[in-house]
Amino acid sequence: MSQLEIIAGAPNEAIAAFVAERLHAALSVSAEVAITVPGGSTPFPIFEILASSNLPWSRIAVWPGDDRLVDEDHPASNVGKIRALLEPAGARIVPLTPTAQPPHFALAWLGMGGDGHIASLFPNTDPQVDDPSPVRRLTPDPLPPEAPFDRVSLTIPALVDADEAMFVIRGSDKRLVFDAAAAGDNDLPVARFLRTFPKTVTCFC
Ligand SMILES: O=C1O[C@H](COP(=O)(O)O)[C@@H](O)[C@H](O)[C@H]1O
């Protein structure tokens, strides 16, 4: 079970500062690093802040942790929106495809749905902590009305392989789900990740 550091009520600027600090630390020991980031709605204002930071973006590869199987110019595309914000800053944006071979990530930044899904590992997909594949094509059931698409997602082992992990979770309903998962009171995808990740997980809740 991972240790948790809960940081409640942090503004987006503080979260961006945390991400930048962790990337600077990783870049102090590696010429290039990779980060995986969530989609949904929560991270994009933080990406905007990061895009204007002094990070050496040309040394940073950014991978969506999951995506909807739509064209990049579709409004539901995670990689399209990530690219629009971070590529102009100089980042290398790498689309997540079902056959991708993801790297070792310096930081796994995750969101969580109210149903306890992380990346696109929805409860119905029964994500396994020992999945031999780093990437899966998946169909959420029920399909979320705001994004009713098949998905591609990093698996739990690909996320657990990261040097560090952080969540950004907004809303008291999600906080209850997260806290129950952290306490071992449910077996949702987020709980499976938390009980498998061997290091401290930082949660901006
Ligand atoms: O479908 C998704 O939802 C989750 C949570 O999104 P949010 O809008 O509540 O921030 C997200 O982590 C995931 O990457 C996304 O594809």
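Residues numbered from 1 in each chain as written. Predicted model: local features only at pLDDT ≥ 70, side-chain atom pairs only at ≥ 80, totals over all residues. Heavy atoms only, no water.

Where an unreviewed UniProt entry is consulted, the protein appears under the name 6-phosphogluconolactonase, with the organism given as Novosphingobium organovorum.

Trainee: Can you walk me through empty space enclosed by the protein in this structure?
Mentor: Rolled over the atoms, a probe as big as a water molecule pinpoints where empty space is left. Applying the stated rule across the entire model yields one cavity of 30 Å³ or more. The space that makes up the largest cavity amounts to roughly 40 Å³. What lines the largest cavity is simply V19, L23, I35, V37, F47, L50, W57, V62, L86 and W109. When residues of the lining of the largest cavity are traced back to their parent elements, those giving at least two are α1 (12-27), β2 (33-37) and α2 (44-51). Grouping the amino acids of the lining of the largest cavity by side-chain chemistry returns ten nonpolar, no polar and no charged. (1 Å grid on protein atoms, 1.4 Å probe; cavity = no way out; pocket = protein on both sides within 12 Å on 5 of 7 lines; lining within 4 Å. Points joined across faces, edges and corners; volume = space filled by probe spheres on them. Helix = DSSP H or I, 4+ residues; strand = E, 2+ residues; numbered from the N terminus. Nonpolar A, V, L, I, M, F, W, Y, C, P; charged D, E, K, R; others polar.)

Trainee: Would you mind going over the nonpolar core with me for this structure?
Mentor: Core analysis: the largest hydrophobic core is formed by 35 residues, its most contacted members being F167 and F193. F167 has contacts with L110, G111, I118, F178, V190, F193, L194, V201, T202, C203 and F204, leaving out every residue within four places of it along the chain. I46, I60, L107 and M166 belong to the second-largest nonpolar core, a separate cluster that totals 31 residues. (Core = buried A, V, L, I, M, F, W, Y, C linked by side-chain atoms within 4.5 Å. Buried < 20%, exposed > 50% of the residue type's maximum accessible area, 1.4 Å probe, protein only. Contact = heavy atoms within 4.5 Å.)

Trainee: Got a minute to help me understand the environment of R136 in this structure?
Mentor: For R136, the location among the structural elements is in strand β7 (residues 135-138). Sequence spacing of R136 and P103 is 33 residues, and the spatial spacing of their C-alpha atoms is 15 Å. Sequence-distant contacts of R136, that is, excluding residues within four places in its chain, are made with D131, R151, V152, S153 and T155. At 2.8 Å, the side chain of R136 forms a polar contact with the side chain of D131. (Polar contact = N/O pair within 3.5 Å; in protein donor to acceptor, adjacent residues only side chain to side chain.)

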